[in-house]
Amino acid sequence: MEILNITKDKIRELLEKGRRIDARTLYEFRDIVIEENVSSKAEGSARVRIGDTEVIAGTKLELVEPFADTPDEGILVVNAELHPLASEKFELGPPDVEAIKLARIVDRAIRESNFIDLKKLCIERGKLAWGIFLDIYAINDDGNLIDASAFAAVIALKNTKIPEVENGKVKFGVLSQKKLPLNEPPITITAYKIADSFILDPCSEEQEASTLKITVSITYGKEPAIHGLIKDGEEPIETEKLFEILEILIREGKKIHSKIK
Amino acid sequence: MSDKKEKRPDGREFDETRKIEAKVGVIKRADGSAYFAFGNSKAIAAVYGPRQLYPQHLQNPKKAILRCFYDMFSFSVAERKKPGPSRRSIEISDEIKRALYPVVLLENFPNTVIDVYVEIIEADASTRCAAINAASMALASAGVLMSELVTAVSVGKVGNAIVVDLSQEEEQYKIKKDGKEIKATTDIALAFLPRSKKISLLHLDGSIKLSELREAIELGKKICTKIEAIQRQVLKKLE
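For clarity, every value in this text was computed on a predicted model and none was experimentally measured. (Residues numbered from 1 in each chain as written. Chains lettered and ligands numbered in written order. Predicted model: local features only at pLDDT ≥ 70, side-chain atom pairs only at ≥ 80, totals over all residues.)

> I'm lost on the overall build of chain A in this one. Help?
From N to C terminus, chain A includes 5 helices and 12 strands. Its C-alpha atoms give chain A principal-axis dimensions of about 65 × 40 × 30 Å. Here chain A, with 261 residues, has 42% of them falling under the buried criterion. Once local pairs closer than 6 in sequence are excluded, the contacts in chain A between residues at least 24 apart make up 67%. (Helix = DSSP H or I, 4+ residues; strand = E, 2+ residues; numbered from the N terminus. Buried ≥ 20, exposed ≤ 12 C-beta atoms within 10 Å, placed from the backbone. Contact = placed C-beta atoms within 7 Å.)

> Any chance you could explain the interface of chain A and chain B here in plain terms?
Frequently, the measure chosen for interface size is the accessible area that the parts lose on association. Each partner contributes residues to the interface: chain A has 25 residues there, and chain B has 26 residues. The element contributing the most residues to the side of chain A that touches chain B is strand β12 (residues 224-232) of chain A, with 8 residues. Split into classes, the residues belonging to the side of chain A that touches chain B amount to 11 nonpolar, 3 polar and 11 charged. With 4 bridges joining them, β12 of chain A and strand β11 (residues 198-208) of chain B adopt antiparallel strand pairing. Looking across to β11 of chain B, one finds that Ile226 of chain A is bridged to Ile208 of chain B. (Nonpolar A, V, L, I, M, F, W, Y, C, P; charged D, E, K, R; others polar. Pairing = 2+ DSSP bridges.)

> Can you walk me through the environment of Ala99 of chain A in this structure?
Residue and element names in this part refer to chain A. Mapped onto the secondary structure, Ala99 falls in helix α2 (residues 97-112). Owing to 22 C-beta atoms within 10 Å, Ala99 belongs among the buried residues under this scheme. The residues contacting Ala99, other than those within four sequence positions of it, are Ala80, Glu81 and Leu82.

> When you look at the sheet that holds strand β7 (residues 161-164) of chain B in this model, what are you seeing that I'm missing?
Working definition: the strands of a sheet are paired by backbone hydrogen bonds and lie parallel or antiparallel to each other. One open sheet accounts for 8 strands, arranged β10(A)-β9(A)-β11(A)-β12(A)-β11(B)-β10(B)-β6(B)-β7(B); its pairing is antiparallel. Here the strands that pair on one side only, and so sit at the sheet edges, are β10 (197-200) of chain A together with β7 of chain B. Averaged over all pairs of adjacent strands, the angle between strand axes in this sheet comes to 20 degrees, irrespective of strand direction. Sheet topology note: the strand β11 (residues 212-220) of chain A/β12 of chain A ladder contains 8 bridges and is antiparallel. Looking at β12 of chain A, one finds that Ser217 of chain A is bridged to Gly228 of chain A. Sitting on the sheet, helix α4 (residues 210-238) of chain B touches β12 of chain A together with β6 (151-158), β7, β10 (185-193) and β11 of chain B, and the angle it makes with β6 of chain B is about 145 degrees. (Axes fitted to C-alpha atoms, helices over the stretch in contact; angles between N-to-C directions.)

> I tried to follow α2 of chain A on my own but got confused; where do I start?
An α-helix turns once per 3.6 residues; consequently, residues spaced three or four apart project the same way. All names here are of chain A. In a regular helix each residue adds 1.5 Å, so 16 residues correspond to 22 Å; α2 covers 22 Å between its end C-alpha atoms and thus fits that length. With 14 of its 16 residues buried, α2 lies for the most part within the structure. Phi for Asn114, located one or two positions after α2, is positive at around 55 degrees. (Expected span 1.5 Å × (residues − 1).)

That's the geometry; what it means functionally is another story.
In structure tokens:
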């Protein structure tokens, strides 16, 4: 179902009066529902619903050889699947550009914020380390898959347990009580521009009407720090507007941050 | 690089780019082409089009379709890069398209496609910025109607210093903290439209405060204006 131009016109018209099609305020998120451990076979997993948008993220751990350029670190591999079960817009096959961009945003948020202490996941320098394979599946796309995916990824990593090892081999299905070595979690949040307004957490109709988006990953230490920032969409942006939006994102992201406990 | 008075590893000032080399008409077969280098980060770009787009159902009767393809030569990096698109190159191709999209007057060429191909001959960080500068000049040299040129440069924070045009050495700069080596670089790719004064690409990796980000972007904008002058000078020779 492609959204009709008439719907886009309606969305723009309402926004001119500061209103949204589902009566939310501009920066208001839909309800966020978190469910942990959705697959007991996974080392960690989480389901996140934001309104009708739903994603499941899960981790699997393997013993691997560290990369040559980081011999004293574990490995993180993030993959995102925009599966056709989640939307008529998605197709089967290898990840397309949207899936790749989504995975790389989540990867960047985790990596650049040092959320996982990868150095602690090295067992023998240059020889053996833990590899974390984090896969994100879209279940239902009603807009804002980016924020939902990044959120689910952080929660799945938080409840991940390291498998037992025997004679240098992983005992699959037997988890220890040891959790991953983690630091301050990153929050990833996106602003969408429609006509002259910026909104957060769009539903799919709003997302399709948008011409510019700013995604930022933030940690809230003593002072907020930005770890990933991407401008996407066909429209360019003025510097002043960019910083105005970044300030809003940092403020609103803090509210989501409080949901991670 | 903790002290502001210090110079950079290669002796540059904080607001100094590496040697810029720019040329157009470097691929005769193409409708437009350009070469752009920041030191050892060398990009070559070719534009084919506007040309008929097949299969026909992909055509847009209202405007041209812009397609961008970025990749690196296998021997452009220390460890051989497997030829063919990677996740990174697919993401960068999309970013180059986003950077160029606002300036190309696509409505003038309905039903056609404009293909932009950029290859990296040698990589020493900031390759996507070199690629955007080359692509922008290649489009102009192909006679594609544009509202202005697109200019790009990397800016960032190395240690505590805000610098422009990071080299690979700077991109991998690490500091010792609690006996461990940690990455101490923030790298920002910025594409700026010097006439309309807008940002068409922003991609940040690292860790930076809002005030530092502002400082970095202001520096990048200043340098982009200088790069635009170089691009224009080179394009003028073409006429």
